[in-house]
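Residue-level listing of the chains:
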Amino acid sequence: MLHLSTSAIKEISRLHGKHPATVTVCRIGVKVGGCSGWYYTLAFDETLQADDIVQSIADNIRIAVDVQAQPYLEGVTVDYSEDLMGGGFRFENPNAAQHCGCGHSFTIATDQAVQLSD
């Protein structure tokens, strides 16, 4: 299960309000790439997949995680903050062996790695 801070929920709700009513969920995932091997994705989606894990949060916003990405996101805390360098979502991942300096990329132990399909 993902954990979202109050500020992350507020920002997702604000962004959701700018999208058409057809947007169904906010999808959080991971992809191969980034400066540490894996990076986080966050986007609005109009459809749910049959194997999505769905979590409801405040303001009728639902978070969807693909079942293949779920092990990488188990226990992750998503926060949102703004500072002089700009705003952004931050991910605190207890499953990561290392994090990059930007906070959007991470490394996992090789025995944890699984193939994610696109």
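Residues numbered from 1 in each chain as written. Predicted model: local features only at pLDDT ≥ 70, side-chain atom pairs only at ≥ 80, totals over all residues. Heavy atoms only, no water.

1. Some remarks on the overall build of the protein
Thought 1: Across its full length, the protein carries 2 helices and 9 strands.
Thought 2: In sequence order, the protein lays out its α and β elements as β-α-β-β-β-β-α-β-β-β-β.
Thought 3: Buried residues in the protein amount to 35% of all 118 residues.
Thought 4: Taking the intrachain contacts of the protein between residues at least 6 apart in sequence as the baseline, contacts between residues at least 24 apart amount to 52%.
Thought 5: When the accessible area of the protein is evaluated, it comes to approximately 6900 Å², of which 53% is carbon and sulfur surface. (Helix = DSSP H or I, 4+ residues; strand = E, 2+ residues; numbered from the N terminus. Buried < 20%, exposed > 50% of the residue type's maximum accessible area, 1.4 Å probe, protein only. Contact = heavy atoms within 4.5 Å. Areas by Shrake-Rupley, 256 points an atom, 1.4 Å probe, with all protein chains shown as cover.)

2. Describing the nonpolar core
Thought 1: Among the nonpolar cores identified, the biggest contains 25 residues, and Leu2, Leu4, Val30, Ile63, Leu73, Val78 and Phe106 are the most heavily contacted of them.
Thought 2: Elements with a minimum of two residues in this core: helix H1 (6-16), strand E2 (25-32), strand E3 (38-45), strand E5 (61-65), helix H2 (70-73), strand E6 (77-83) and strand E7 (86-92). (Core = buried A, V, L, I, M, F, W, Y, C linked by side-chain atoms within 4.5 Å.)

3. Remarks on the pattern of salt bridges
Thought 1: The final tally for this structure, using the stated rule, is 3 salt bridges.
Thought 2: Asp45 is the partner of Arg27 in a salt bridge, and the nearest nitrogen-oxygen pair spans 2.9 Å. With Arg27 in strand E2 and Asp45 in strand E3, this pair connects stretches of sequence that are 18 residues apart.
Thought 3: Linking Asp52 and Arg27 is a salt bridge whose minimum nitrogen-to-oxygen distance equals 2.8 Å. Remark: Arg27 occurs in strand E2 and Asp52 occurs in the loop between E3 and strand E4 (53-57); sequence separation between them is 25 residues. (Salt bridge = Lys/Arg side-chain N within 4 Å of Asp/Glu carboxyl O.)

4. Remarks on the packing of aromatic side chains
Thought 1: Following the criterion strictly, the structure yields 3 aromatic pairs and no others.
Thought 2: Considering the side-chain rings of Tyr40 and Phe91, the 4.1 Å spacing of their centres and the 5° angle between planes classify their relative orientation as stacked. Pair noted here: Tyr40 is in strand E3 and Phe91 is in strand E7, with a separation of 51 residues, a long-range link. (Phe/Tyr/Trp six-rings, centres within 6.5 Å; stacked < 30°, edge-to-face > 60°.)

Function cannot be read off these values alone, since they describe shape.
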